[in-house]
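Spelled out from the first residue to the last, the chains are:
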Amino acid sequence: MRILLEALDDDLEAAMSALGVDAALWRKVIGPARERAEGDVALPCFPFAKAVGQSPADIASALAERLGDHPALLEARASNGYLNLVANPAWLLEHVLAPPPRNDADGPLRLIEHTSANPNGPFHVGRARNAILGDTLVRLHRLAGHRVRSEYYVDDMGKQVGVLAWALKHLDEGRVNALLAEREAPDPTWETKADHARVRWYQAAQLLRQEAPEEEQALIEAEIADLVHASEHGDASVLASFEAAYGPVLDGMLETLSRLGITFDAFTKESTFVVDGSVAALMDELEALDIHGVADNGARFLDLGQRGLKGKTDFFYRRADGSSLYATRDLAYHRWKWTQADQLIDVLGEDHRLQAQQVGLTLAELGVEAPEVVFYSFIKLPEGKMSTRRGNVVFMDDLLEEATAQAADLVRGLRPDYDEAEVKAIAEAVAISAVRFNIVRVSPEKGFTFTWEDALSLDGGSAPFAMYAHTRACAIARRLEAAGWAGAEQVVLPRSPAPGLVEILRLLAVHHDVLMQAVEQHRPHLFALHLLDLATAYNAFYRDCPVLDGGVVHDTHAAVSERARQVLHDGLVGVGIVPLEHM
RNA sequence: GGGCGUGUAGCACAGCUGGAUAAUGCACCGGCCUCCUAAGCCGGGGAUCGCGGGUUCGAAUCCUGCCACGUCCGCCA
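1. Things to note about the packing of helix H9 (residues 194–211) against helix H11 (residues 236–259)
Okay, step 1: Running from N to C, H9 and H11 point in directions that differ by 135°, and their axes come no closer than 7 Å. What the angle tells us is that H9 and H11 run oblique. Viewed along their axes, H9 and H11 form a crossing whose handedness is left-handed. On H11, the residues that touch Ala-194, Asp-195 and Arg-198 of H9 are Ala-244, Ala-245, Pro-248, Val-249, Gly-252, Met-253 and Thr-256.
Okay, step 2: Here the contact of H9 with H11 is composed, by residue class, of six nonpolar, two polar and two charged.

The following block contains the structure:
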């Protein structure tokens, strides 16, 4: 509880220095009480017992006595060698009702790159984790008042797009259907969505590359290789044909993301850095490094083993024919990103860990700071890893359809008086909120197995629980408005405040701390889980503290409810939940 | 074989920059709608924190060995 620690800082400093305890030491160990029943802030006194020459219990008692009458504290108590500080709810009430200042308009610009999926097919749930995680990070930074730019790095060259472009040029629908005859039939729901339609061309081409007669295979490979080669040398007409191939696919993918509330501020094409010559310039610089090496065939690499990389240490950045590799372009991209922003954050799948390390080390070699990277583990299916190529996938579009249908059934059962349009609107909001929340609530590095049941879960610890608490606050807000309430004239804590009131005050007091921690450590799940706690606390407040009693407005309760409503609203938006006003 | 990540109740998950009785949800058992939306609230049972050693006043947390799972180890993207 930052605000409490700040209020107590002078007194603590005086008390600790009187004991002869170094400021750095006590500041390091003081923090939120692990045992919430013991208080808001705890100071374990064990670390300095020896230096002070007293038992931890004695130190704690001495401190408790000294701090006991501070206005911000309800109680300072020594217990088991800890000094436990309980915030005074009346003091909290004063500090929690005003929103904290958010004035970072001149602060550093943070560029968050996320998603950046190859535009060759629809999102499956595994790929979407990147987008959901990245977008939540963007939203939380905005909530914290930071300047943010979200960016999608478009892989518009190289083999994958090359294969797609080749397929669209050389195959027709009949051929594609014949090739994919053994596969599951395409879902007519998505017939007109280009990401679903064109991925079949891509799949058909991949099949041909593996199973066509040898001569045909060789021909296809040669044609694709020509395309790829041309794209890697910045050939404008080939790049234009690539764009014509992947553009509609990307649009389809973005349509899916937009349904999830995910949008981008900028799209940067990989080919940009080939065309403008920065990749070539970069390769020249790399060649001048003393860890630079040349393979037998003339390809170039850096020996990153000399910079502490373990395992495979050769990092290739240039082919024998002089063309660049994906990682090389990524280096140029990152260098450019530093000209755009003051902080770089990348969201990457765990399969990119080595690559990210190589890029980081190489950037350091060039005197450029490495980006901060948030890694996430893959979402598997019970049958194994998701793969578009093998047809072992759950498409995000399908998940959203199913989630919406199930949510609609739930709403119809719970609210028989709502009309169908209302049901649909609520179901859509609940569905996308739940799908997002079920992914952001777990720490990114935790791998998990997709199950329909979990992904569609609408109970206890999921989005609707938090949405519902907000809905209750909105219902009260409507009643307050109807009663003509125009803000509290006098806010005072009742003589013996209900547990629910104290609890919501504590949560509100800690809200900003959690947000900052989530943002600074790139761990959105901390904030997501905190939001559930906040909702729980609001429910307790709702239970204990009538805001309108027989038409009479309780000023203090009304003020707290309204503040909680705002915080819940902003928090829900921050994790990508749609803050419905009624549901 | 090597690098990195993960392993916590039946299931899922938090805590991991060392601190008190390991938090929460689902599932299970019991209770609450003359009262601001019961998608809610209250109560109950359930954990050798993967296994073994070590460091420490104190270890789920740090170190070390082992085991299981994931991931990477293209001059692919």
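2. A look at the protein's contact with RNA strand B
Okay, step 1: In the vicinity of RNA strand B, 74 residues are found, and the nearest of them are Tyr-82, Ser-443, Lys-446, Tyr-468 and Tyr-542.
Okay, step 2: The contact atoms of RNA strand B, taken as those within 4 Å of the protein, divide so that sugar and phosphate hold 67%.
Okay, step 3: Between Val-547 and RNA strand B, the recorded distance is 3.2 Å, taken from a backbone N or O atom to a base nitrogen.
Okay, step 4: Where the surface near RNA strand B is concerned, the elements lending two or more residues are strand S4 (82–87), helix H7 (159–170), helix H14 (326–340), helix H15 (353–365), helix H16 (396–414), helix H17 (420–440), helix H19 (463–482) and helix H21 (524–544).
Okay, step 5: Sorting elements by how many residues they give to the surface near RNA strand B places H19 first, with nine residues.
Okay, step 6: Grouping the amino acids of the surface near RNA strand B by side-chain chemistry returns 32 nonpolar, 17 polar and 25 charged.

3. Here's the deal with the pattern of salt bridges
Okay, step 1: Scanning the entire structure with this criterion turns up 34 salt bridges.
Okay, step 2: For the salt bridge of Arg-436 with Asp-135, the shortest nitrogen-to-oxygen distance reads 2.7 Å. Placement of Arg-436 in helix H17 and of Asp-135 in helix H6 (residues 125–143) is noted, with a sequence separation of 301 residues between them.
Okay, step 3: Arg-259 is the salt-bridge partner of Glu-428, the closest N and O atoms lying 2.8 Å from each other. Here Glu-428, found in helix H17, pairs with Arg-259, found in helix H11; they are 169 residues apart in sequence, far enough to count as distant.
Okay, step 4: For Glu-428, a relative accessible area of 25% corresponds to the partly exposed category.
Okay, step 5: Connected through shared salt-bridge partners, Arg-36, Asp-40, Glu-503 and Arg-506 make up one network.

4. A closer look at the packing of H7 against H9
Okay, step 1: One can describe the packing of H7 onto H9 by two numbers: an axis separation of 8 Å at closest approach and a directional angle of 100°. Viewed along their axes, H7 and H9 adopt a mutual orientation that is roughly perpendicular. Along its contact with H7, which presents Lys-159, Gln-160, Val-163, Leu-164, Trp-166, Ala-167 and Leu-168, the element H9 presents Arg-198, Trp-201, Tyr-202, Ala-205, Gln-206, Leu-208 and Arg-209.
Okay, step 2: Its residues assigned to classes, the contact of H7 with H9 comprises nine nonpolar, two polar and three charged.

5. Quick notes on the environment of Ala-197
Okay, step 1: Tracing the sequence through the fold places Ala-197 in helix H9.
Okay, step 2: In this structure Ala-197 comes out as partly exposed when scored by relative accessible area, which is 26%.
Okay, step 3: Sequence separation between Ala-197 and Leu-348 is 151 residues, and the spatial gap between their C-alpha atoms is 27 Å.

6. Quick word on the pairing of strand S5 (residues 109–113)
Successive residues of a regular strand alternate their side chains across the two faces of the sheet.
Okay, step 1: Counting buried positions over the five residues of S5 gives five, a clear majority of the element.
Okay, step 2: Residues Leu-109, Leu-111 and Glu-113 line one face of S5 and the alternating positions Arg-110 and Ile-112 line the opposite face, and both faces are buried.
Okay, step 3: Note: S5 against strand S6 (residues 147–154), five bridges, orientation parallel. Its bridge partner being in S6, Ile-112 is matched across the sheet by Ser-150.

7. Quick word on the sheet that holds S4
Okay, step 1: With antiparallel pairing, the four strands of this open sheet are ordered in space as S1-S2-S4-S3. What marks the edges here is a single partner per strand, and that holds for strand S1 (31–32) and strand S3 (73–79).
Okay, step 2: As judged from the four bridges shared by strand S2 (residues 41–44) and S4, these two strands associate in the antiparallel manner. Pairing of Ala-42 across the sheet is with Asn-84, part of S4.
Okay, step 3: Along the sheet, helix H4 (residues 56–67) contacts S2, S3 and S4; its crossing angle with S3, the most-contacted strand, is approximately 165°.

8. Digging into the domain arrangement of chain A
Okay, step 1: Looking at the assigned domains, one finds that chain A contains domain 1 (2–87), domain 2 (109–385) and domain 3 (396–574).
Okay, step 2: On a C-alpha basis, the centroid separation for the pair domain 1 and domain 3 is 34 Å.
Okay, step 3: Contact with domain 1, which involves five residues of that partner, is made by five residues of domain 3.
Okay, step 4: Here domain 1 packs against domain 3, burying approximately 420 Å² in sum over the two surfaces, 27% of which is carbon and sulfur.
Okay, step 5: Ranking the residues of domain 1 by area buried against domain 3 places Arg-2, Arg-36 and Asp-40 at the top, with a combined share of 82%.
Okay, step 6: For Arg-506, the salt bridge is made with Asp-40, and the minimal N-O distance between the two is 2.6 Å.
Okay, step 7: There are five residue pairs in polar contact (both at pLDDT 80 or more) connecting domain 1 and domain 3.

9. Some points on the packing of aromatic side chains
Okay, step 1: Counted under the stated rule, the structure contains 13 aromatic pairs.
Okay, step 2: Their ring planes at 5° and their centres at 3.9 Å tell us that Tyr-153 and Tyr-333 sit as a pair that is stacked. Pair noted here: Tyr-153 is in strand S6 and Tyr-333 is in helix H14, with a separation of 180 residues, a long-range link.
Okay, step 3: Where Tyr-376 meets Phe-378, the ring centres are 6.3 Å apart and the plane angle is 90°; that geometry is what we call edge-to-face.
Okay, step 4: By way of ring pairs, the aromatic residues Tyr-153, Phe-273, Tyr-333 and Trp-336 are connected into one cluster.

10. Some remarks on unusual backbone geometry
Okay, step 1: Phi at Thr-115 is positive, roughly 70°, even though this residue is not glycine.
Okay, step 2: Topologically, Thr-115 is positioned in the loop between S5 and H6.
Okay, step 3: You will see that Ser-116, though not glycine, has its phi angle at about 45°, which is positive.
Okay, step 4: Along the chain, the position of Ser-116 falls in the loop between S5 and H6.

11. Description of the environment of Asn-297
Okay, step 1: As for its position among the elements, Asn-297 is in the loop between strand S8 (292–294) and strand S9 (300–303).
Okay, step 2: With relative accessibility at 55%, the residue Asn-297 sits in the exposed group.
Okay, step 3: With 265 residues separating them along the chain, Asn-297 and Glu-562 place their C-alpha atoms 70 Å apart.
Okay, step 4: From its side chain, Asn-297 meets the backbone nitrogen of Ala-299 in a polar contact 2.9 Å long.

The rules behind each value
Residues numbered from 1 in each chain as written. Chains lettered and ligands numbered in written order. Predicted model: local features only at pLDDT ≥ 70, side-chain atom pairs only at ≥ 80, totals over all residues. Heavy atoms only, no water. Axes fitted to C-alpha atoms, helices over the stretch in contact; angles between N-to-C directions. Helix = DSSP H or I, 4+ residues; strand = E, 2+ residues; numbered from the N terminus. Parallel < 35°, antiparallel > 145°, perpendicular 65-115°, else oblique. Left-handed = near helix turned anticlockwise from the far one by under 90°. Contact = heavy atoms within 4.5 Å. Nonpolar A, V, L, I, M, F, W, Y, C, P; charged D, E, K, R; others polar. Near = heavy atom within 4 Å. Polar contact = N/O pair within 3.5 Å; in protein donor to acceptor, adjacent residues only side chain to side chain. Salt bridge = Lys/Arg side-chain N within 4 Å of Asp/Glu carboxyl O. Buried < 20%, exposed > 50% of the residue type's maximum accessible area, 1.4 Å probe, protein only. Pairing = 2+ DSSP bridges. Domains from an automatic or database assignment. Buried area = accessible area lost by both parts, 1.4 Å probe. Phe/Tyr/Trp six-rings, centres within 6.5 Å; stacked < 30°, edge-to-face > 60°.

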